[in-house]
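# A structural walkthrough
This is what each chain is made of:
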Amino acid sequence: MARYLVVGGVAGGASTAARLRRMNEQAEIILFERGSHISYANCGLPYYAGQTIQERDRLFVMTPEKFHAWLNVDVRVRAEVTAIDRASKSVLVKELDSGRE
Ligand SMILES: Cc1cc2nc3c(=O)[nH]c(=O)nc-3n(C[C@H](O)[C@H](O)[C@H](O)COP(=O)(O)OP(=O)(O)OC[C@H]3O[C@@H](n4cnc5c(N)ncnc54)[C@H](O)[C@@H]3O)c2cc1C
């Protein structure tokens, strides 16, 4: 079974993971995001700063749980990829809350 590792969970990463799922229903897809949120509305930030959008939560249009339920993508937030070894096709990931690698 194919396995894809996606680094970053906003526009580029989430779009890539969604596209991979459309191309391959069987693949294992793991998405690593070092922040706490995925697919948040960067473009809405000026509206939040300008108070057109009042509630911060409205910037978060997707959650790891929803992304998993909709696309069967294993989303790991607060997980920073610190190295990529192309030869062995592996990554080193640091879990930011526990410090575990
Ligand atoms: C204030 C603001 C307003 C904007 N308005 C618009 C607009 O109106 N229209 C428009 O088209 N675009 C707009 N943009 C630009 C748009 O948001 C960006 O083009 C888009 O977010 C880029 O997406 P990306 O996934 O490439 O990068 P990013 O959004 O930067 O996402 C990269 C993600 O990868 C994560 N990451 C990076 N390195 C690692 C690592 N080693 N391990 C784990 N995770 C990692 C980061 O934490 C981040 O969440 C705006 C941006 C900002 C900041």
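The following paragraphs examine the structure supplied in this document.

The rules we used
Residues numbered from 1 in each chain as written. Predicted model: local features only at pLDDT ≥ 70, side-chain atom pairs only at ≥ 80, totals over all residues. Helix = DSSP H or I, 4+ residues; strand = E, 2+ residues; numbered from the N terminus. Buried ≥ 20, exposed ≤ 12 C-beta atoms within 10 Å, placed from the backbone. Near = placed C-beta within 6 Å. Nonpolar A, V, L, I, M, F, W, Y, C, P; charged D, E, K, R; others polar. Pairing = 2+ DSSP bridges. Axes fitted to C-alpha atoms, helices over the stretch in contact; angles between N-to-C directions. Contact = placed C-beta atoms within 7 Å.

Attention shifts here to unusual backbone geometry. Its identity as a non-glycine residue notwithstanding, Gln 51 has a phi of 65°, on the positive side. Tracing the sequence through the fold places Gln 51 in the loop between helix 2 (45–49) and helix 3 (64–71). For Gln 51, a count of 7 C-beta atoms within 10 Å corresponds to the exposed category. We note that Arg 78 has phi near 55°; this positive angle belongs to a residue other than glycine. Since 15 C-beta atoms lie within 10 Å of it, Arg 78 is described here as partly exposed.

Moving on, we get to the site of the ligand. The local shell around the ligand holds 17 residues, among which Gly 8, Ala 11, Gly 12, Asn 42 and Cys 43 are the closest. Among the elements of the structure, helix 1 (11–23), strand 2 (28–33), helix 2 and strand 4 (79–85) are those that each provide at least two residues to the shell around the ligand. Looking at side-chain class alone, the shell around the ligand contains eight nonpolar, six polar and three charged residues.

Let's shift gears to the sheet that holds strand 2. Strand pairing in a sheet relies on backbone hydrogen bonds. The paired strands run either parallel or antiparallel. Taken together, three strands build an open sheet; the order of strands is 1-2-3 and the sheet is parallel. The strands lining the two open edges of the sheet, one partner per strand, are strand 1 (3–7) and strand 3 (74–77). Pairwise comparison of adjacent strand axes, ignoring direction, gives a mean angle of 15° for this sheet. Two elements, strand 1 and strand 2, share five bridges in a ladder whose sense is parallel. By the bridge assignment for strand 2, Val 7 is matched with Phe 32. Strands in contact with helix 1 are strand 1 and strand 2; relative to strand 2, the strand with the most contacts, it is inclined by about 175°.

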